[in-house]
Amino acid sequence: MTPLTVGIIGFAAMIALVVLGVRVAFAAAAVGVAGLVYMRGWSAGVGISGLIPHAESTHYTLSVLPMFILIGYLAFHAGITRGLFDAARKIFSRVPGGLAVATVFAAAGFAAVSGASTATAAVFARIAIPEMLRSGYDKRLASAVVAAGGTLAALIPPSALMVIYAIIVEASVGRLLIAGFIPGIISALMYAAAVIIRVKINPALAPPIGERYSLREKLSSVQGFWPIMFVVAIVLGGIYLGWMTPTESGAVAAAVVFLMAIARRQMSRRDFFNALMETGKLTAMIFTVIFCLLIFVRFLGYAGLPAAFAEWIVGLPVPRLVVLLLILSIYLVLGMFMDAIGMLILTLPVVFPAIIALGYDPIWFGIIIVKLCEVCLLTPPVGLNCYVVNGVRPDIPLDQIFRGVWPFVLADMAVIALFIAIPDIVTVLPDAMLGK
Amino acid sequence: MTDDSSAARAQRTAFTAGFARFDAVYGGIEAAFNLIAATAIFLMMMLMVAEVVAHKLLRTSIYGFFDVVELGMAVFAFLGAAYCQRLGGHIRMDLLVTKLQGRAKFVVEAVAVLVALIVVALLIKATWEHAMRAYFGNDTTSDAELQTWPSKILAPIGLGMLWLRLLLQFIGFIRLAADPDAVPIGVPRPVEIQEDAVD
């Protein structure tokens, strides 16, 4: 067998194991170890496999992950969400579907201290849905806007998903995080537009609240945003000014959020313990999947599969845009069945070299992929964020939520199309801040 | 079973009780190790803040900072893996498994865990040898010349704990495959939506 054939068989075997229900990390490691042993012999194959877990897990770059995860779990207890939502509610009180629009922007704000989409959706399912339903909002709209708003956490820094992408493809973490900022805001604006358009077409979906706030009230409510601004300033400012590495800025931000939680006396010891345990668990999951994947990647590299695939893709007699759209549609289908991290792990080792060979920018592609991951958090049958909302609000049936999210999925598609048409939107900020 | 005498039944009950007890005790140990991992993350946060302060305000740097961080990362990279597995936290695609019912479901689950058992066993052997090479080769970091083996040995320790958890899950699934109506022990509960960390 040629190495390439072994690589293709290995890739197929990995997919088969994942479909069978083997945890993604172990499927990757199993095929990786087996492939390395087959190609390099028993002792060299096992030797390489034994080196990777420790060597790859203890790269300084990866230390940013637990910091971002910790921020997210502590932020629940820092009393940030309530202030955010109240402020947004007052500011958007006159806008059609004001509460839903407020939910989008409050979720975007919370995304700036949270790297996890599901967590963000869960928080706002508790804060925003009751208020929307009390005001006579349509259940579908209320639940879907929370599910969609939650996905913003993956794009707006800090984002664990982006760090994982950066690690897999060896891109700059700082650059990618900064690149997510503008696309995150555009996504939020598009979600708000989706709400407003729907409510304009069918005002019964969201009756006006009838409360009016003076400009002064609105201005004073803005202070609900300041803790967020502060954290954003630390994370982005620290990286931008070159003062801190992404890990250091993550650590400082986590410390600030921790102090906020202490100062507001809203975090019990039990809460703190739970936040720590969840942080440990999620960190273990991500590290396991990363080092197992890297064993698989080493095997694929020996087999020459990524290079061969890239060569084949580049040789196709079609414009590169067609190839890109084809790849993106594969992601869209995969995303219906897979978790975002699993999807990245499974595909990037092969797809990324092809994308680079086509001449696309790695940072830009990272944002596109993360955006697609957001879509896959919403689409049935495995739209995780919809499950989370349904988990918090079992009275709103899952199929209602799935029906409600389509406008937001369309908004996401429009945003992705925009980024493909004008790639500079994504790359302008990191290029301006960190140089080309 | 044809010879389902009361003695055999009693034996099974005793096994179930012992298995459940071991599962619970071991679950406590896993949680303790996860807490160690999480505490390491929190300490690293404080170390980072201290380094930033030292670096920016005092124009100095903590001696061996990078070495300590990199070696220390092994604590949270490996020690929480078993706890995570117990709670079903490692990602997977469960589309097929959730479609299956009864015995078939548990057989597929057992096979999936078996794959993990085999590969994790290999990784334990391989990472152990890697750690031993560091120990006997007196391997140190380049900067502060810290010994690397205490960090490297955390890989086989964490993976070893993971392996034991996988073994418990394997036994748990085999037991359910034999008797699909038995009370599940040692296996992750069906995917639950995370609510605990909220608000």
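No experiment lies behind these values; they were computed from the predicted model shown. (Residues numbered from 1 in each chain as written. Chains lettered and ligands numbered in written order. Predicted model: local features only at pLDDT ≥ 70, side-chain atom pairs only at ≥ 80, totals over all residues. Heavy atoms only, no water.)

Trainee: Describe the overall build of chain A, listing the residues and the values that go with them.
Mentor: Scanning chain A from terminus to terminus reveals 23 helices and zero strands. The C-alpha radius of gyration of chain A comes to 22 Å, within 12% of the 22 Å expected for a compact globule of 436 residues. Taken along the three principal axes of its C-alpha coordinates, chain A extends 75 × 45 × 45 Å. Contacts in chain A between residues at least 24 apart in sequence constitute 80% of all its contacts with a sequence separation of at least 6. Working note: accessible area of chain A is about 15,200 Å², and carbon and sulfur atoms make up 67% of it. Side-chain charges in chain A split into 27 positive and 19 negative, and the spacing between the mean points of these groups amounts to 8 Å. (Helix = DSSP H or I, 4+ residues; strand = E, 2+ residues; numbered from the N terminus. Rg over C-alpha atoms; globule rule 2.2 N^0.38 Å. Contact = heavy atoms within 4.5 Å. Areas by Shrake-Rupley, 256 points an atom, 1.4 Å probe, with all protein chains shown as cover. Lys, Arg positive; Asp, Glu negative; His and termini not counted. Charge placed at Lys NZ, Arg CZ, Asp CG, Glu CD.)

Trainee: I'd love a proper account of the overall build of chain B, names of residues and values included.
Mentor: For chain B, the helix and strand inventory stands at seven helices and zero strands. For chain B, the succession of helices and strands along the chain, N to C, is α-α-α-α-α-α-α. Summarising its shape, the C-alpha atoms of chain B cover approximately 80 × 50 × 30 Å along the three principal directions. Relative to its full complement of 199 residues, chain B shows a buried share of 45%. At a minimum sequence separation of 6, the contacts of chain B that also span at least 24 residues come to 68%. Charged side chains in chain B number 16 positive and 19 negative. The centres of these two groups are separated by 5 Å. (Buried < 20%, exposed > 50% of the residue type's maximum accessible area, 1.4 Å probe, protein only.)

Trainee: Which residues make up a nonpolar patch on the surface, and what are the values?
Mentor: Residue and element names in this part refer to chain A. A contiguous nonpolar surface patch, about 360 Å² in accessible area, is contributed by Ile-91, Leu-215, Leu-219 and Val-222. Here Ile-91 lies in helix H5 (residues 80-91). A residue is classified by how much of its surface remains accessible, and Ile-91, at 31% relative accessible area, is partly exposed. (Patch = residues over 30% accessible without salt bridge, like charges linked within 9 Å, V, L, I, M, F, W, Y side chains within 5 Å. Salt bridge = Lys/Arg side-chain N within 4 Å of Asp/Glu carboxyl O.)

Trainee: Help me get a handle on the pattern of salt bridges, residues and values and all.
Mentor: Scanning all chains against the criterion turns up 14 salt bridges over all chains. Here Arg-175 of chain A and Asp-431 of chain A are joined by a salt bridge, their closest N and O atoms 3.1 Å apart. Note that Arg-175 of chain A is positioned in helix H10 (residues 173-179) and Asp-431 of chain A in helix H23 (residues 424-434), a separation of 256 residues in sequence. You can call Arg-175 of chain A buried: its relative accessible area is 17%. Here Glu-109 of chain B makes a salt bridge to Arg-92 of chain B, at a shortest N to O gap of 3.0 Å.

Trainee: I'd like to hear about the packing of aromatic side chains, residue by residue, with values.
Mentor: Residues and elements named next belong to chain A. Applying the stated rule across the entire model yields 22 aromatic pairs over all chains. Pairing Tyr-387 with Phe-402 gives two aromatic rings, centres 6.1 Å apart and planes at 75°, and the pair type is edge-to-face. Linking Tyr-387 in helix H20 (residues 384-392) with Phe-402 in helix H21 (residues 398-404), this pair joins segments that are 15 residues apart in sequence. Judged by its relative accessible area of 30%, Tyr-387 is partly exposed. Grouped by ring-pair contacts, the aromatic residues Phe-11, Phe-296 and Phe-299 constitute a single cluster. (Phe/Tyr/Trp six-rings, centres within 6.5 Å; stacked < 30°, edge-to-face > 60°.)

Trainee: Break down the side chain of Arg-92 of chain B for me, citing the residues and quoting the values.
Mentor: Structurally, Arg-92 of chain B is set in the loop between helix H3 (81-86) and helix H4 (95-99). Polar contacts involving the side chain of Arg-92 of chain B include one to the main-chain carbonyl oxygen of Gly-21 of chain A, which spans 2.9 Å. At 3.0 Å, the side chain of Arg-92 of chain B forms a polar contact with the side chain of Glu-109 of chain B. Those residues within four positions of Arg-92 of chain B in sequence are excluded, and the remaining contacts are Gly-21, Val-22, Arg-23 and Val-24 of chain A together with Val-97 and Glu-109 of chain B. (Polar contact = N/O pair within 3.5 Å; in protein donor to acceptor, adjacent residues only side chain to side chain.)

Trainee: Explain the interface of chain A and chain B to me, and be specific about the residues and the numbers.
Mentor: Taken together, the contact pairs 71 residues of chain A with 63 residues of chain B. Summed over both partners, the interface of chain A with chain B buries about 6,100 Å², with 76% contributed by carbon and sulfur atoms. Three residues, Arg-23, Phe-26 and His-54 of chain A, lead the burial of chain A against chain B; their summed loss comes to 13% of the area buried on that side. Where chain A meets chain B, there are nine residue pairs in polar contact (both at pLDDT 80 or more). By residue number, the principal contributor to the side of chain A that touches chain B is helix H15 (residues 269-303) of chain A, which donates 16 residues. (Buried area = accessible area lost by both parts, 1.4 Å probe.)

Trainee: Before we move on, can you summarise the environment of Leu-71 of chain B with the specific residues and values?
Mentor: All names here are of chain B. By the secondary structure assignment, Leu-71 is in helix H2 (residues 65-78). Separated by 78 residues in the primary sequence, Leu-71 and Trp-149 have C-alpha atoms spaced 9.3 Å apart. Leave out the neighbours within four places in its chain, and Leu-71 touches Thr-141, Leu-146, Gln-147, Thr-148 and Ser-151.

Trainee: Before we move on, could you go through the packing of helix H13 (residues 226-240) of chain A against helix H14 (residues 246-263) of chain A and cite the residues and values that matter?
Mentor: All names here are of chain A. Between H13 and H14, the least distance of the axes is 8 Å, while the angle of their chain directions is 165°. Taken together, the axes of H13 and H14 lie roughly antiparallel to each other. Pair H13 / H14 crosses with right-handed handedness. Contact with H13, carried on its side by Pro-227, Phe-230, Val-231, Ile-234, Val-235 and Ile-239, involves Pro-246, Ser-249, Val-252, Ala-253, Val-256, Val-257 and Met-260 of H14 and no other residues of that element. Of the residues contributing to the contact of H13 with H14, the split by class is 12 nonpolar, one polar and no charged. (Axes fitted to C-alpha atoms, helices over the stretch in contact; angles between N-to-C directions. Parallel < 35°, antiparallel > 145°, perpendicular 65-115°, else oblique. Left-handed = near helix turned anticlockwise from the far one by under 90°. Nonpolar A, V, L, I, M, F, W, Y, C, P; charged D, E, K, R; others polar.)

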